[in-house]
Amino acid sequence: MRWAVFHFQGFLSYGSREQANRMMRADHSYKGDCLLKYVLVTTNLLFWALGLCVLGLGLWGLLEKESLTQERLESLGTDPMLTLATSGLALTLLCLVGCAGALRENSCLMRTFCTALLAVLASQVLAIIVAYGLQDWITGVLRAAMLGAVARYQDDTDLRFIIDEIQVGLQCCGAENYQDWEINSYFNCTAPGMWACSVPPSCCVDPLENGSVWNSQCGAGARRLDELTAHRVVFLGGCLGAVSRWIEHHSGLIGTVAITLLALQILMLLFTASLLNRIQWNKVSLGHWTDQP
């Protein structure tokens with residue numbers, strides 16, 4: 001009798017230990033799932049804020065150029081600011097999908113987020129490889145594009161907006177130098193009118209009168225002046241060199257930001273896949289336990 005009671009107590013003790021082990025494994029799994037969810041939600045919120053900034057920049061460009069007015073809606077499809085706004089909106093929505101999938105442990109949302117993030121990551125890596133391997137070709141393409149934009153400056157409001165922002169922001173003029181504006185039919189020295197041998201006001205060293213009013217004629221006749229005099233009125237250096245100097249000067253920061261963003265995206269992909277596997281494993285384990293008598 002004592003032998004039977006001893007073995008019965010041992011059986012109960014074994015069952016308690018097995019149940020305790022299961023509870024401990026479930027507790028560890030729950031803590032791991034919470035950690036993964038918090039990391040995913042935090043990184044998604046960071047990229048969501050970045051997406052809002054890009055979206056805001058695109059909308060600012062559309063409003064600044066008055067692209068949403070009725071008379072300009074027909075050309076909205078080719079507006080680069082619309083592309084920027086669309087990219088920001090897509091990034092914002094993608095991050096919201098990632099947040100919702102992680103918080104609600106929704107397998108469908110998390111698979112959608114994983115697939116989209118993998119496609120974005122692959123396209124970024126491919127773009128970096130192409131940019132690194134074809135630097136000379138890209139430089140030539142940028143030079144041809146900049147010269148083409150200079151030639152069509154007065155005919156395309158989108159190009160005019162972009163060129164003005166680049167020339168004001170980088171304090172440059174033309175593609176290689178300020179004489180590039182000779183290829184524009186409105187600014188070349190044989191053109192009729194006051195803009196002959198001129199440059200746009202965005203090339204001017206001080207395009208504002210009294211610090212507030214835009215002087216649209218500050219670059220009139222600037223290319224008739226000798227370089228020493230013209231240097232006081234307009235910027236002589238081209239924007240291609242200015243862009244190269246800016247990239248070279250900020251290469252460390254650009255590389256750090258690019259590597260950080262890629263690393264965050266890779267970690268988000270790995271964490272999402274891990275959390276998705278944990279969710280599937282928990283569902284299988286829960287079904288196995290509930291099926292037991």
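Residues numbered from 1 in each chain as written. Predicted model: local features only at pLDDT ≥ 70, side-chain atom pairs only at ≥ 80, totals over all residues. Heavy atoms only, no water.

## Topic: the side chain of Thr-43
Put simply, the test is: For helices the rule is a DSSP run of H or I covering at least 4 residues; for strands it is a run of E covering at least 2, with both sets numbered from the N terminus onward. Using a 1.4 Å probe on the protein chains alone, a residue whose accessible area is under 20% of its type maximum counts as buried, one over 50% counts as exposed, and one in between counts as partly exposed. The contact criterion used is simple: two residues touch if any of their non-hydrogen atoms lie within 4.5 Å.
Checked against the element boundaries, Thr-43 lands in helix α1 (residues 2-64). For Thr-43, a relative accessible area of 11% translates into the label buried. Other than its neighbours up to four places away in sequence, Thr-43 contacts Leu-264 and Met-268.

## Overview of the state of the cysteines
Our working definition: Here, the term disulfide refers to a pair of cysteine sulfur atoms separated by no more than 2.5 Å.
Tallied over the entire structure, the rule returns four disulfides. The partner cysteine of Cys-189 in its disulfide is Cys-197, sulfur to sulfur 1.6 Å. Taking the torsion about the S-S bond as the criterion, the Cys-189 to Cys-197 disulfide, at about 105°, is right-handed. What makes Cys-189 partly exposed here is its relative accessible area of 37%.

## Describing the pattern of salt bridges
Applicable threshold: By convention in these notes, a salt bridge is any Lys or Arg side-chain nitrogen within 4 Å of a carboxyl oxygen on Asp or Glu.
Applying the stated criterion across every chain, the model contains two salt bridges. Where Arg-143 meets Glu-176, a salt bridge forms, and the shortest distance between an N and an O atom there is 2.5 Å. Here the residue Arg-143 occupies a position in helix α4 (residues 135-151), and Glu-176 occupies one in the loop between α5 (157-170) and β1 (208-209), the gap between them amounting to 33 residues. You can call Glu-176 partly exposed: its relative accessible area is 42%. The partner of Arg-223 in a salt bridge is Glu-182, with the nearest N and O atoms 2.8 Å apart.

## Re the layout of surface pockets
Definition in use: Points on a 1 Å grid over protein atoms alone make up a cavity when a 1.4 Å probe fits among them but cannot get out, and a pocket when they form an open set with protein on both sides within 12 Å along at least five of seven lines; lining residues each have an atom within 4 Å of a point. Grid points are joined across faces, edges and corners, and a volume is the space filled by probe spheres set on the points. When residue character is reported, Ala, Val, Leu, Ile, Met, Phe, Trp, Tyr, Cys and Pro are called nonpolar, Asp, Glu, Lys and Arg charged, and the others, Gly included, polar.
Of the volumes computed, that of the largest pocket is approximately 740 Å³. Contributing to the lining of the largest pocket are 20 residues, with Ile-138, Thr-139, Leu-142, Val-243 and Ile-247 lying nearest its centre. If one sorts the elements of the lining of the largest pocket by residue count, α4 sits on top with seven residues. Each residue belonging to the lining of the largest pocket can be placed in one class, and the counts come to 17 nonpolar, three polar and no charged.

## Observations concerning the side chain of Ser-202
Note the following rule: Distance and chemistry together define a polar contact, namely a pair of N or O atoms within 3.5 Å, with one atom able to donate a hydrogen and the other to accept it when in protein, and with adjacent residues in sequence counting only for side-chain atoms on both sides.
Among the structural elements, Ser-202 can be located in the loop between α5 and β1. A distance of 2.7 Å separates polar atoms of two side chains, one belonging to Ser-202 and the other to Gln-167. Those residues in contact with Ser-202 that lie beyond four places of it in its chain are Tyr-153, Asp-164, Gln-167, Val-168, Cys-172 and Trp-214.

## Topic: the UniProt feature "transmembrane region" (unreviewed entry) in the protein chain
Definition in use: UniProt positions are given in the numbering used here, feature names are shortened, and annotations may be inferred rather than shown by experiment.
Taking the numbering used here, the UniProt-annotated feature "transmembrane region" (unreviewed entry) corresponds to residues 45-63, 84-103, 109-134 and 253-276. Taken end to end, residues 45-63 is 100% helix and 0% strand, and its first and last C-alpha atoms sit 26 Å apart. Segment residues 84-103 splits into 100% helix and 0% strand. End C-alpha atoms: 29 Å apart.

## Looking at the nonpolar core
Counted only if it meets this: Residues belong to a common nonpolar core when they are buried Ala, Val, Leu, Ile, Met, Phe, Trp, Tyr or Cys residues joined through side-chain atoms within 4.5 Å.
Among the nonpolar cores identified, the biggest contains 19 residues, and Met-268 and Leu-275 are the most heavily contacted of them. In terms of residues, this core owes the most to one element, helix α8 (residues 251-291), which gives six residues. If you look at the next biggest cluster of nonpolar residues, it comprises 17 residues, including Tyr-178, Phe-187, Val-234 and Leu-236.

## Some thoughts on helix α3 (residues 107-133)
Every α-helical turn comprises 3.6 residues, leaving residues that sit three or four positions apart pointing alike. Just so we agree on the cut-off: How far a helix is expected to stretch is found by multiplying one less than its residue total by 1.5 Å.
Compared with an ideal rise of 1.5 Å per residue, which puts 27 residues at 39 Å, α3 spans 39 Å between its outermost C-alpha atoms and is within 8% of the ideal. Considered for burial, the residues of α3 that qualify are Ser-107, Met-110, Phe-113, Cys-114, Leu-117 and Leu-121. Backbone nitrogen of Cys-108 and a side-chain oxygen of the N-cap are separated by 3.0 Å at the start of α3; the cap is Asn-106.

## Concerning the packing of α5 against helix α7 (residues 239-249)
Definition in use: With axes taken as lines fitted to C-alpha atoms, and helix axes fitted only over the stretch in contact, angles between N-to-C directions fall between 0 and 180 degrees. Should an angle lie under 35 degrees it is considered roughly parallel, over 145 roughly antiparallel, and from 65 to 115 roughly perpendicular; all remaining angles are considered oblique. The crossing is said to be left-handed when, going from far helix to near helix, the turn is anticlockwise and less than a right angle, and right-handed when the turn is clockwise.
Axis separation between α5 and α7 bottoms out at 10 Å; the angle between their running directions is 60°. By the angle class used here, α5 and α7 are oblique. The interaxial crossing formed by α5 with α7 has left-handed handedness. Judged by residue contacts, Ile-166, Gln-167 and Leu-170 of α5 engage Cys-239, Ala-242, Val-243 and Trp-246 from α7. A per-class count over the contact of α5 with α7 returns six nonpolar, one polar and no charged.

## So, empty space enclosed by the protein
Any empty space left between atoms is shown by rolling a water-sized probe over those atoms. Across all of its chains, the model carries one cavity of 30 Å³ or more by this definition. Its boundaries defined by the atoms lining it, the largest cavity holds a volume of some 40 Å³. Surrounding the largest cavity, Leu-40, Asn-44, Val-97, Gly-98, Ala-102, Met-110, Phe-113 and Thr-272 form its lining. A per-element tally of the lining of the largest cavity places helix α2 (residues 80-104) first, with three residues. Across the lining of the largest cavity, the residue classes break down as five nonpolar, three polar and no charged.

## Regarding α5
Here α5 is 14 residues long and its end C-alpha atoms lie 20 Å apart, about the 20 Å a rise of 1.5 Å per residue gives. Restricting attention to buried positions, one finds in α5 the residues Asp-158, Leu-159, Phe-161, Ile-163, Asp-164 and Gln-167. Downstream of α5 by a residue or two, Gln-171 has a phi angle that is positive, lying close to 55°.

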